[in-house]
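Residues per chain, in single letters:
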Amino acid sequence: MTGPKAARGEIKDTILTAARELFSTRGYPDVTVRAIAKRAGCDAGMISYYFGSKVGVFRAAMSLPQDPVEVVATAFGDGGPGTGERVVGEVLRFWEESFATTNVQLLVRSLLENEKTLAVFREWLDRTLFTTLAHQLGTPDAKLRIQFAAGQIVGLCVLRFIYKSEPLASMPASVLARQLGPIIDIHLFGPIIPRTT
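Residues numbered from 1 in each chain as written. Predicted model: local features only at pLDDT ≥ 70, side-chain atom pairs only at ≥ 80, totals over all residues. Heavy atoms only, no water.

S.K.: Describe helix 9 (residues 142-162), and please don't skip the residues or the numbers.
M.R.: The terminal C-alpha atoms of helix 9, which comprises 21 residues, lie 29 Å apart, in line with the 30 Å expected from a rise of 1.5 Å per residue. Among the residues of helix 9, those classed as buried are A142, R145, I146, A149, A150, I153, L156, C157, R160 and F161. Looking down the long axis of helix 9, one finds its buried residues gathered within 125° of arc, a one-sided arrangement. Downstream of helix 9 by one or two residues, K164 has phi in the positive range, about 50°. (Helix = DSSP H or I, 4+ residues; strand = E, 2+ residues; numbered from the N terminus. Expected span 1.5 Å × (residues − 1). Buried < 20%, exposed > 50% of the residue type's maximum accessible area, 1.4 Å probe, protein only. Arc of directions from axis to C-beta.)

S.K.: I'd like a description of unusual backbone geometry, backed by residues and values.
M.R.: At the junction of E166 and P167, the peptide bond is cis and its omega measures out at 5° in the coordinates. Relative to the helices and strands, P167 is located in the loop between helix 9 and helix 10 (173-189). With a phi angle near 50°, K164 is a residue other than glycine that sits in the positive phi range.

S.K.: Residue-level account of the environment of V91, with values.
M.R.: Tracing the sequence through the fold places V91 in helix 6 (residues 83-98). Under the relative-accessibility criterion, V91 is labelled buried at 9%. Each C-alpha atom, one on V91 and one on V71, is 7.3 Å from the other, the two residues being 20 residues apart in sequence.

S.K.: Give me the lowdown on the nonpolar core, citing residues and values where you can.
M.R.: By size, the foremost hydrophobic cluster in this structure holds 28 residues, and its most contacted members are V88, L92 and I146. Elements with a contribution of two residues or more to this core: helix 5 (68-76), helix 6, helix 8 (115-137), helix 9 and helix 10. A total of 8 residues in this core trace back to one element, the largest contributor, which is helix 9. When sequence neighbours within four positions are dropped, the list of residues in contact with L92 reads L156, C157, R160, F161, A173 and L176. Core analysis: the next-biggest nonpolar cluster, separate from the first, contains 20 residues, I15, A19, F51 and A61 among them. (Core = buried A, V, L, I, M, F, W, Y, C linked by side-chain atoms within 4.5 Å. Contact = heavy atoms within 4.5 Å.)

S.K.: Tell me about the side chain of R145, and name the residues and values.
M.R.: Inspection of the secondary structure assignment puts R145 in helix 9. Side chain to side chain, R145 and D141 meet in a polar contact 2.8 Å long. Engagement of the side chain of R145 in a polar contact is seen with the backbone oxygen of L188, the distance being 3.3 Å. (Polar contact = N/O pair within 3.5 Å; in protein donor to acceptor, adjacent residues only side chain to side chain.)

S.K.: Please provide a residue-by-residue account of helix 10, values included.
M.R.: With 17 residues, helix 10 should reach 24 Å at 1.5 Å per residue; the first-to-last C-alpha distance of 23 Å fits that figure. Along helix 10, the helix axis deviates most sharply at L180, where the bend reaches about 35°; the proline P182 sits within four residues downstream. Taken as a whole, helix 10 has its buried residues at A173, L176, A177, L180, G181, I184, D185, H187 and L188. (Bend = angle between axes of the 7 residues up to and from the residue.)

S.K.: Tell me what's going on with the packing of aromatic side chains, and back it up with residues and numbers.
M.R.: Under the counting rule described, the total for this entry stands at 3 aromatic pairs. Taken together, a centroid distance of 6.4 Å and an interplanar angle of 55° make the contact between Y50 and F51 tilted. Look at Y50 and you get buried, because its relative accessible area is 16%. Its relative accessible area of 13% is what places F51 among the buried residues. Here the aromatic rings of W95 and F161 are separated by 5.3 Å at their centres, their planes lie at 25°, and the arrangement is stacked. Taken together, the residues W95 in helix 6 and F161 in helix 9 connect sequence positions 66 residues apart. Each member of the aromatic cluster is reached from another via a ring pair, and the members are Y49, Y50 and F51. (Phe/Tyr/Trp six-rings, centres within 6.5 Å; stacked < 30°, edge-to-face > 60°.)

In structure tokens:
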């Protein structure tokens, strides 16, 4: 299956099937390109050829329209007033486009139900998103600020997309972004947060 004898579409579909199985059971950080290739019975180079990188095969396997980290980082931009509304709006748009797929629903459920998967996902999220945005923010308490903001946004997404809690679930995303955005801005740019109790 690794060479020209295999049909091009067959190789690609086999890689995607293997990737879905691994991402849904192990979580993104714990899955390597080599592991996907082994499960698919092909050379690791074929994954780079068809998908470019692990992010690329993850997006294709989970039917994600964009890289979630890139979505948040782009919306965050250079910071400043209005950042919260932009980030919330983009996160909601991303979830609405992604969560309709069975693959993403399986991934989210595995995060909620499997402690090991959640742990490796948490480590990946901290490294790729929280730390990166904290450097962009550049304040002494930047990471804590990012975590406060993320907690608000994740809570919103869980209530809206997983628990489907009304009236939150059916409100227009633009309304939610305008409502929650200023609160996110306070977390990010408000007075310095004391580190003592």
